[in-house]
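Close look at the chain arrangement
Chain by chain, the residues:
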Amino acid sequence: MPATALPGFREFYPDDAALRNHIFSAWRTVAARYGFEEYDGPPLEPLELYTDKSGAEIMGQLYYFEDKGGRSVALRPEMTPTLARMVGARASSMMKPIRWFSMPQLFRYERPQRGRLREHFQLNMDLIGETSPLADAEIIAAALDVQRVLGLTEQQVCVRLSHRGVIQQLLLNKGVPADRLSATLTAIDRLEVDAPEALEWARKQLVQLGVGGELAEGVLEVARIRDWTTLERAAGAVTAGGPVENLLACRDALFQMGLEAFVQLDTSIVRGLAYYTGVVFELFDRQHTLRAICGGGRYDDLVKQVSGTDVPCVGFGMGDAVLTELLKESKLVPVVPSRVQAFLVAHSAANQVEVLRLAHMLRDEGVSVEYAMKIPNLRRQFEQAGKRQARYVVIVGSPEGADAVVKIRDLASGHEEVVAQGALAARVRS
Ligand code: HAM
C-alpha cells in the first residue's frame, strides 16, 4: 500500500504553500494595521485546560492521550484557553487594552469535509482589558478587513452579528426558565432555524435538553430576527449599559467605519463555545455554501476561570481552510511571481567555473539565482530557464563578450544587452 497522509491532514505542495502564505500575509498585514503584537503558546496542553471551558462540542473533538510522564495532555483545538492563561499570569503588569494576535495550527477530530479538517491554521486576534462596545466593533472590523485585503467584498462575505445577553433576555421574555437558558442556546446553535422542518427539530431538541417542547415556537421566533427594528421592538425598553444598548453601539461603530454593507443582524448566531458572554459574530460567504470563515465574540469570564484574574476580552478565530476554498471559488488565488530572477547559462562547459563564481556573487547581493547542474547545449539551458520562470537569462562566456561583461536576456521581452559583471546584480533587481 502506498503511504498516505492521515485523513483531514493536509500536505502543502508549493502552490498550496504559496496560497497559505498569501493568507498568512493578509493576516499579518491587518494585525499590524490594528497595532496587534504576536504571541504564541505550546501546541500540547494539559487536558484540563479544555475541560469545562471550551464546551461539549470541542471536548468531543479533542486529540488527547497520556504522555510518558502519566499526564493527560491534548493537542490544542483552539487558542483561547492558552491565551487566557498567558494573559492571566501577567495581566496586572500589562498596559490595557492588550492587543495580541497569533496564527497557531489547531487540531480537532472532526469528520473531514470541504473546509472542515482535522488540522487548520487559525488567525486569533484578541483585545483584552476593555469592555467598551468599540472594542467589539474593532475586532469585527479587523476580521472584515482581512477579507477586504484578500480582495473579497460585501457581495461575497458578510458578518452575522448577535449578542448572547440579548438572546437570553428575549428567551426569558418568551418564558424559557432561567436555568435552561444555556441549554436553549445550545439548541439554537444546532438548529437550522430557517429550514422548513425547524419547528419539529426545535421541539425535539428542546425536549432532549430538558426544556418544554411547547416553547419551540417562541424560541424559533427569537432565533429568526434579522432586522434591527424587529429586534428593538422585541427587546422593549433599552436599559442603559445593558445588552441591547451594547449590541446597538457595536453596530453603530461598524456603520460609522463604513462597513454597513457587510453587517447582517442574525439572532441564530449564539456560538458553540461555552465561554462567550456578550457580542457574538460569524463571517460567512454570501452563498452560504461553506462553514463559517471566522467566529468570535466577547468572553469576559474566561481569564478569571483559568487564572483567577478578572480581565474582560473580545476576539475571534479565522481558519485558513475555509478562506482557501473561498479564494479559489472567487478566483482570487494570486499568480505566483517568478521565483528565479537570473538563470545563469554557461556558453560552454569551460565556463562553469565562472558560472559558480558569478552565481555566488549574485546570491550574496540578494539575487535569486539558478543554473544547470550538468551543462547541456545552450538551447536546453534556455529551455530550463523558461521552465523555472526565470526573469533573466545571463549568458556567461559568450564569445563576443570580454571577461568582465556578460550578456543578459529579458525572457519576457526578448531584449538583450551587455552588462558589466559588477553592475549585474543592480541590473537584474531593477
Ligand atoms: P471556532 O468557531 O471554533 O472559534 O473556530 C473559528 C474558525 O476556525 C471557524 O470559523 C473556522 O473557520 C475555523 N475552524 C474551526 N474548526 C475547523 C476545522 N475543523 N477545520 C477547518 N477550519 C476550522 C474558536 O476557535 C474560538 N477560540 C475563536 C476565538 C478567539 N474567540 C475569541 N477569541
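It should be emphasised that the depicted structure is a prediction, and the values quoted were computed from it without experimental measurement. (Residues numbered from 1 in each chain as written. Predicted model: local features only at pLDDT ≥ 70, side-chain atom pairs only at ≥ 80, totals over all residues. Heavy atoms only, no water.)

Section: the overall build of the chain
Within the chain, the regular secondary structure consists of 15 helices and 17 strands. Counting only C-alpha atoms and orienting by the principal axes, one finds that the chain spans roughly 95 × 55 × 50 Å. The buried share of the chain, reckoned over its 430 residues, is 48%. In the chain, the proportion of contacts linking residues at least 24 apart, taken out of those at least 6 apart, comes to 68%. By element, 51% of the accessible surface of the chain is carried by carbon and sulfur atoms, the whole surface being about 20700 Å². Charge separation in the chain, taken as the distance between the mean sites of 49 positive and 54 negative side-chain charges, equals 5 Å. (Helix = DSSP H or I, 4+ residues; strand = E, 2+ residues; numbered from the N terminus. Buried < 20%, exposed > 50% of the residue type's maximum accessible area, 1.4 Å probe, protein only. Contact = heavy atoms within 4.5 Å. Areas by Shrake-Rupley, 256 points an atom, 1.4 Å probe, with all protein chains shown as cover. Lys, Arg positive; Asp, Glu negative; His and termini not counted. Charge placed at Lys NZ, Arg CZ, Asp CG, Glu CD.)

Let's talk about the sheet that holds strand β3 (residues 64–66)
In spatial order, the strands read β2-β4-β3; together these three strands make up an open sheet with antiparallel pairing. Only two strands of the sheet have a single neighbouring strand rather than two, namely β2 (44–46) and β3. Here the average twist between neighbouring strands, direction ignored, is 35 degrees. As defined by bridge partners, β3 adjoins strand β4 (residues 72–75) across three bridges and the pair is classed as antiparallel. Each residue of the ladder has a partner; that of Tyr-64, found in β4, is Ala-74. (Pairing = 2+ DSSP bridges. Axes fitted to C-alpha atoms, helices over the stretch in contact; angles between N-to-C directions.)

A word on the site of the ligand
Looking at the ligand, there are 27 residues lining it, with Glu-78, Thr-80, Glu-110, Asp-126 and Tyr-276 nearest. At a separation of 2.9 Å, an oxygen atom of the ligand approaches a polar side-chain atom of Arg-108. At 2.9 Å, a side-chain N or O of Gln-122 approaches an oxygen atom of the ligand. Contact with the protein chains covers 97% of the free accessible surface of the ligand, which is 660 Å². The set of elements that each furnish at least two residues to the shell around the ligand consists of β7 (119–128), β11 (294–298), β12 (313–319) and α12 (320–329). (Near = heavy atom within 4 Å. Polar contact = N/O pair within 3.5 Å; in protein donor to acceptor, adjacent residues only side chain to side chain.)

Examining the nonpolar core
Membership of the largest hydrophobic core comes to 80 residues, with the highest contact counts inside it found for Trp-27, Met-125, Leu-161, Phe-281, Phe-316 and Met-318. In terms of residue count, the dominant contributor to this core is helix α4 (residues 133–149) (nine residues). The next biggest cluster of nonpolar side chains, apart from the first, holds 22 residues, and it includes Trp-100, Val-280, Leu-302 and Val-303. (Core = buried A, V, L, I, M, F, W, Y, C linked by side-chain atoms within 4.5 Å.)

Topic: helix α5 (residues 164–173)
In an α-helix there are 3.6 residues to a turn, and that puts residues three or four apart on one side. Residues of α5 that are buried: Arg-164, Gly-165, Val-166, Ile-167, Leu-170 and Leu-171. Each element contacted by the buried residues of α5 is listed here: β8 (157–163), α6 (181–190), α8 (216–223), α9 (228–235), α10 (243–256) and β10 (279–285). Looking one or two residues beyond α5, the residue adopting positive phi is Gly-175, at roughly 100 degrees.

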